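Notes for the structure review
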Amino acid sequence: MTWFHRLIRRLRILLDRERVEREMDEEMRFHIEMEAEERARRGAHPRAARRQALLAFGGLERFKERARDARGTRLWEDALQDARYALRTLRRSPGFTAVALVTLALGIGITTAIFSVVDAVLLRPLPYGDPDRIVQVETRWEDQSSGNISPAEYIDFRELPGFAAFGVYGFGALNLTGDGEPQRVRVAFPSAGVFPALGVGPLLGRVFTAEEDHADLPVVLLSEGFWRQRFAASPDVIGRTITLNDRELEVIGVMPADFQLPADIASGQRAAIFAPLGIDPAQVDLTERGSHFLRGVGRLAPGVTPGDGARVTEQMAEAMVAKYPGEYPADMRFSATARPITETVLGSARPALLVLSGAVLFVLLIVCANLSSLLLSRAESRRRELAMRVALGADRGRLLRQLLVESCVLALAGGILGLGVAHGGVELLLALQPPNVPRLESAGLDPRVAGFALAVAVLTGLGVGLLPALQISRAKLSDPLKEGRGQTRARSSERSRRALVTAQIALALSLLTGAGLFTRSFLALYSVDPGFRPENVLTARLSPPSSRYPDDESITGFYRRLIAELSQQPGVAAAGAVTNLPLATSLGDLNFEIEGRPVPEGAVSPRADWQVVTPGYLEAMGIPLLRGRSIEASDGADAPGVVVISEELAATYWPGEDALGRRFRLGGGSGPGWVTVIGIVGNVIHTGLDAEPRPQLYLAHEQFRFWGSGDPVYSMTLALRSEGAPAALTGTVRQAVRGLDPALPVAEVRVMEDVVSASLARPRLIASLLVGFSVLALVLAAVGIYGVISYGVSTRAQEFGIRMALGALSRDVIGLVIRRGLLMVLAGTVAGLLISLAVGRLLGGLLFGVSPTDPTTLIAVSAVLVAAGVLASYVPASRATRVDPMVTLRAE
Amino acid sequence: MAAAKTDLLQGTLDMLVLKTLTLGDLHGWGISKRIRQMSRDVLEVNQGSLYPALYRLEDQGLIESEWSVSTEGRRAKFYRLTRAGRERLAEERRHWRAFSLAVEHILQTT
């Protein structure tokens, strides 16, 4: 018989224990009856024969016990029995059980909630075929990393050796018209190579062919969500058409529900529609290397490692620089590399999640220490019961096992409650909707997460039970039966408990330090002046399609009329529009040539982040005009070119000089031509409150034309400064837009303060979670101190009674008790500070405006812990002074 | 009478049980009776050892059991030797022979 058969047989016995027992009874009864009959046959009286048979058989129950042992299932039968016994004893002490369960449920619940997020975001494989083989191909120059690639570079990268497939994609937002309200949808533009590179096929229909992609044929793929929403998941959607920016496109396929392009996963967005990239390799001018707006993704050929992939990409970039030195000046330090897609997509979320995972691990450890010391006290008070069981024949191993089973039963019950806590926690996290956390929406309780919770519960049960169980089984258990009351001094158990409390304090202090640092970091971010006044500003995005606004005047005229209309509305103090809203978008930079300062060969030209604005934008956003004038209605298409620059730009290129009136030429000569600096405004922090201000310039909307196409800017974000509540202007905006163009959707209507707040959501969430965890840790540690001190006071009640009888003041006794507590707290604090300093070094990159060894934070949290420690010792200490000496002395 | 009986050596009971079952399926009482008979009333199997031994052998897969009707027409649990049990018996027998031979040698040395 193999072990497997044996296991099955044992399981059957366990599951059908009653039948097995019944059969054993029957078998033994049969034996005795046969024996009795045999004896009767030999002439004994039937009754005597039966008695003799019974006697001959011997101790029936004892043999049954031995027979049970032989069945090989003894261990499990005992464990079940122990579990039942544990449930009974736990029910007998509801106070202890309730405290333990709440502590466990919180510890395991929080751990599970964070695990479910980590699992959803980091651990699950990306929704691609064989994601380990996929790399992101990215460029770098100057200090910018993970840069996009340009069409010309895309053509070159297609020849990368060692790649089985390569593709690029970009994003845009297009106006969807047709049935229903006009709607603005996120559209991705993948090249045909993206699908084989990601190893993903369509749910329905087919993906683009290379010809459709190159020729930009009017075909589209739908996302599963869009197909469900717009076409009610109809299977005959293939061949139907949708209208995007007034162009009719034929639906050729639907992508699977979990499909998102890598960059969308990273930013937590979802493209509704996939349209061909429409770049024809034959038409791309390979000498024009600028305009980086594509993301590259490649699949490594079998046998090629990601390291190989990175190396060939770097070599190709070097070859590009060598071939087009004019396009890649030495100062630009252009390079390219390939990184595994899991790293590029999930890398940004990893540090924060690691911090949170570390924090919950600390909380869980504190919970364990707390519970362990609770169990120690409990075992202490149960010494007599346990000694009795030993005296009655239980062996030490059995006792140890029983205590472990008890703590496991407790931990499992706590784990089941913890699942409830975890569910609530995940729901809460999802409701807070932290932005830019990839795949967070898929976090939740599933069998995998539940399995994790139960595993944590069992480990916790074994971990917290081990110390008390060993402590008890090592002690001389017969002693308590001999000792009188009050004489028992479990010195070693008290030492263990003090060590556990010290550990709790150390862990709690580290958590508090983390919470303190992240809170300070968040406050520092919050108090950063973004360079504009976000209060009382309403924003909305408009994208008039070029099909209905064919010439320059039609589009600039549309914005001119709209802003004039809006400015006259009651409640509007100022109105304008900008290409990129601060703290919500990224900015491209543009190089320029300053008049009289030609750029030497191989040097990098001056460059600045650029915005195109209408008159009124700077005023509406509250960007302070420092010198000169703002962009005005008179800066029309035919007027001389003007530019408003930021303080940073003026200081970078005209340090100590007056920048007003200076002239420069944009885009290396191919841009809008010569512009004159007419004003200097304050710096605006655009990409995030933790970013440094960069040189910025503002061009007039009516004057700006894209080099190359010569088109004006079509998509703009409106900004309205309100006199009252900004949200109240929503109707005003919609009405004004509808008055000019009823088919134009008004998208992303947001109050600017919400935009600022959303950009802080992540640091705020981390800080508040850490504060929550550390408050819990502090409370648990305080409870731990309280428990140990009050136990110590109760065992020394007699001593205190004598002291006070001999004239000690209550002050002296309180001092005595608090000193003991304080010693633990100080030891824990020192250990905690050391942990904090060690862990702090890992946090450096996540903090803003505060050093990981910030003395204020360290001193403050130490003070909080010492105060908590004194308070937690004071309560039992003052109880010690209320002891009546006569009572304790008589109790002996 | 009990004093006259020789106690079974530790470990030999398993072998004897296996041996009795080579003659056919038997219930517990039958096994103990047959051992007694075959040893000509010298060996008495203690019931308290017999049943644990049976359960242990069954757990090891050397014998298997089935409820059936005895010759007396009563329901009883019959044990049967498995192939693994047969192999084990042959092995035990070899061991036993070697062992008893060795003991005999020692006893004959004067």
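Everything below is about the structure printed above this text.
Residues numbered from 1 in each chain as written. Chains lettered and ligands numbered in written order. Predicted model: local features only at pLDDT ≥ 70, side-chain atom pairs only at ≥ 80, totals over all residues. Heavy atoms only, no water.

**Topic: the side chain of A:Asn175**
Residue and element names in this part refer to chain A. Along the chain, the position of Asn-175 falls in strand β3 (residues 163-177). The buried category is assigned to Asn-175, whose relative accessible area is 4%. Side chain to side chain, Asn-175 and Arg-184 meet in a polar contact 3.1 Å long. Here the side chain of Asn-175 touches Ser-543 through a polar contact of 2.5 Å, landing on its backbone oxygen. In contact with Asn-175, not counting residues within four places along its chain, are Gln-183, Arg-184, Thr-243, Leu-244, Asn-245, Ser-543, Pro-544, Pro-545, Leu-744 and Pro-745. (Helix = DSSP H or I, 4+ residues; strand = E, 2+ residues; numbered from the N terminus. Buried < 20%, exposed > 50% of the residue type's maximum accessible area, 1.4 Å probe, protein only. Polar contact = N/O pair within 3.5 Å; in protein donor to acceptor, adjacent residues only side chain to side chain. Contact = heavy atoms within 4.5 Å.)

**Describing the sheet that holds strand β1 (residues 26-27) of chain B**
Residue and element names in this part refer to chain B. Pairing is antiparallel in the open sheet, where three strands are placed in the order β1-β3-β2. For this open sheet the edge positions go to β1 and β2 (63-69), each flanked by a neighbour on one side alone. Pairing of β1 with strand β3 (residues 75-81), which is carried by two bridges, proceeds in the antiparallel orientation. Directly across from Leu-26, in β3, lies its bridge partner Tyr-79. (Pairing = 2+ DSSP bridges.)

**Some details on the interface of chain B and chain A**
Taken together, the contacts link 27 residues of chain B with 25 residues of chain A. For the pair chain B and chain A, the summed buried area comes to about 2,400 Å², and 52% of that belongs to carbon and sulfur atoms. A per-residue breakdown of the area chain B buries against chain A is headed by B:Trp29, B:Tyr55 and B:Asp59, which together make up 31% of the total. Linking chain B with chain A are five salt bridges. (Buried area = accessible area lost by both parts, 1.4 Å probe. Salt bridge = Lys/Arg side-chain N within 4 Å of Asp/Glu carboxyl O.)

**Remarks on a nonpolar patch on the surface**
Residues and elements named next belong to chain A. Taken together, the side chains of Trp-3, Phe-4, Leu-7, Ile-8 and Leu-11 define a hydrophobic patch exposed on the protein surface, amounting to about 530 Å² of accessible area. For Ile-8, the position within the fold is in helix α1 (residues 3-15). We classify Ile-8 as partly exposed; its relative accessible area is 33%. (Patch = residues over 30% accessible without salt bridge, like charges linked within 9 Å, V, L, I, M, F, W, Y side chains within 5 Å. Areas by Shrake-Rupley, 256 points an atom, 1.4 Å probe, with all protein chains shown as cover.)

**What to know about empty space enclosed by the protein**
Residues and elements named next belong to chain A. Across all of its chains, the model carries three cavities of 30 Å³ or more by this definition. Considering the residues around the largest cavity, the lining is formed by 14 residues, among which Val-117, Leu-353, Leu-356, Val-437 and Leu-765 are closest to the centre. Those elements that place two or more of their residues in the lining of the largest cavity are α6 (94-123), α14 (350-381) and α25 (761-795). For the lining of the largest cavity, the leading source of residues is α25, giving four residues. The residue makeup of the lining of the largest cavity, split by class, is 13 nonpolar, no polar and one charged. Reported here for the second largest cavity is a volume of approximately 90 Å³. (1 Å grid on protein atoms, 1.4 Å probe; cavity = no way out; pocket = protein on both sides within 12 Å on 5 of 7 lines; lining within 4 Å. Points joined across faces, edges and corners; volume = space filled by probe spheres on them. Nonpolar A, V, L, I, M, F, W, Y, C, P; charged D, E, K, R; others polar.)

**Description of the nonpolar core**
Residues and elements named next belong to chain A. Counting residues in each nonpolar core, the largest one holds 120 residues, and the members touching the most others are Tyr-698 and Phe-773. Top element by residues in this core is α14. It accounts for 14 residues. Other than its neighbours up to four places away in sequence, Phe-773 contacts Ile-110, Ile-114, Leu-356, Ala-359, Val-360, Val-363 and Leu-511. (Core = buried A, V, L, I, M, F, W, Y, C linked by side-chain atoms within 4.5 Å.)

**Digging into the packing of aromatic side chains**
Residues and elements named next belong to chain A. Summed over the entire model, instances satisfying the criterion amount to 15 aromatic pairs over all chains. Seen in terms of ring centroids, Phe-592 and Tyr-653 are 5.5 Å apart; in terms of plane orientation they differ by 80°. Their pairing is edge-to-face. Of the two residues, Phe-592 is situated in strand β14 (residues 589-594) and Tyr-653 in helix α22 (residues 647-653); the sequence distance between them amounts to 61 residues. Each member of the pair, Phe-592 as well as Tyr-653, carries the same accessibility label: buried. Aromatic ring contacts, followed pair by pair, group Phe-592, Tyr-653, Trp-654 and Phe-664 into a single cluster. The residue whose ring lies beneath Arg-158 is Tyr-154, and the NZ or CZ to ring-centre distance is 5.8 Å. (Phe/Tyr/Trp six-rings, centres within 6.5 Å; stacked < 30°, edge-to-face > 60°. Lys NZ or Arg CZ within 6 Å of the ring centre and 35° of its normal.)

**A closer look at the packing of helix α2 (residues 17-41) of chain A against helix α2 (residues 28-38) of chain B**
Put simply, α2(A) and α2(B) touch, their axes get as near as 8 Å, and they point 45° apart. Compared by their axis directions, α2(A) and α2(B) come out oblique. Every residue of α2(B) that contacts α2(A) at A:His31, A:Met34, A:Glu35 and A:Glu38 is listed here: B:Gly28, B:Trp29, B:Ser32, B:Lys33 and B:Arg36. For the contact of α2(A) with α2(B), a count of residues per class yields two nonpolar, three polar and four charged. (Axes fitted to C-alpha atoms, helices over the stretch in contact; angles between N-to-C directions. Parallel < 35°, antiparallel > 145°, perpendicular 65-115°, else oblique.)

**Brief notes about the environment of A:Ala797**
One can find A:Ala797 in helix α26 (residues 797-805). For the pair A:Ala797 and A:Thr881, spaced 84 residues apart in the sequence, the C-alpha separation amounts to 9.1 Å.

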